[in-house]
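# Coordinate analysis (summary)
The primary structure of each chain is shown beneath.
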Amino acid sequence: MSSNSKKGNFPMQASSPEEFREAMKEKNKEVSFGLLIHAPDQDTFWRVHREMDRMTAGDTIIYKNILTAFDSEINQVGETLLPERFNFFEPAFYLDGRLWKFLNIDDEVAFVRVKPSISE
């Protein structure tokens, strides 16, 4: 479903702001991996990553967000595609069986909570 590594198919150096912007466009097309979040009660690690799904006619990148589960030895045991409007990149922490992410809504703290599980 998703890439296992970054390909590095973008320029590593730029000599002008325009070249830099073009290199960043290419870099943003590659997969971006989030941090591993340990879920000790599940003996699991969770990671959210995003990858380019498609480009719009205006060259805007539409990403797919994927939640991946790993066992205690960091072997992938499952992954699921998150809903398209669901932007949950980089959960902040794991607590009480849920992944939590901070949100700023009109200068107020809010949270998105996801209760992941692995099923066969």
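Residues numbered from 1 in each chain as written. Predicted model: local features only at pLDDT ≥ 70, side-chain atom pairs only at ≥ 80, totals over all residues. Heavy atoms only, no water.

## Comments concerning the sheet that holds strand β6 (residues 93-95)
Sheet architecture is open: three strands sit in the order β6-β7-β8, paired in antiparallel fashion. Strands at the two margins of the open sheet, each flanked by one partner only, are β6 and β8 (108-114). When the angles between neighbouring strand axes are averaged without regard to direction, this sheet yields 45°. Here seven bridges tie strand β7 (residues 98-105) to β8, and the two strands are oriented antiparallel to one another. When the bridges of β8 are listed, Leu99 appears paired with Val114. (Pairing = 2+ DSSP bridges. Helix = DSSP H or I, 4+ residues; strand = E, 2+ residues; numbered from the N terminus. Axes fitted to C-alpha atoms, helices over the stretch in contact; angles between N-to-C directions.)

## Considerations on the nonpolar core
Among soluble globular proteins, nonpolar side chains are generally buried collectively. Core analysis: the largest hydrophobic core is formed by nine residues, namely Ile37, Ala39, Trp46, Val48, Leu67, Ala69, Leu82, Tyr94 and Leu99. At the level of elements, β2 (37-39), β3 (44-55) and β4 (61-70) are the ones that each hand at least two residues to this core. (Core = buried A, V, L, I, M, F, W, Y, C linked by side-chain atoms within 4.5 Å. Buried < 20%, exposed > 50% of the residue type's maximum accessible area, 1.4 Å probe, protein only.)

## Here we look at the environment of Leu36
Along the chain, Leu36 falls in the loop between β1 (32-33) and β2. Discounting chain neighbours no more than four positions away, the residues touching Leu36 are Phe45, Trp46, Arg47, Phe70 and Ile74. (Contact = heavy atoms within 4.5 Å.)

## A closer look at the pattern of salt bridges
Working definition: two side chains of opposite charge can pair if their charged atoms are close together. Applying the stated rule across the entire model yields four salt bridges. A salt bridge links Glu22 to Lys25; the shortest N-O distance between them is 3.6 Å. With Glu22 and Lys25 both in helix α1 (residues 17-27) and three residues apart, the pair spans about one turn of that helix. On the basis of relative accessibility, which here comes to 45%, the residue Glu22 falls in the partly exposed class. (Salt bridge = Lys/Arg side-chain N within 4 Å of Asp/Glu carboxyl O.)

So yeah, pure geometry; function would need other evidence.
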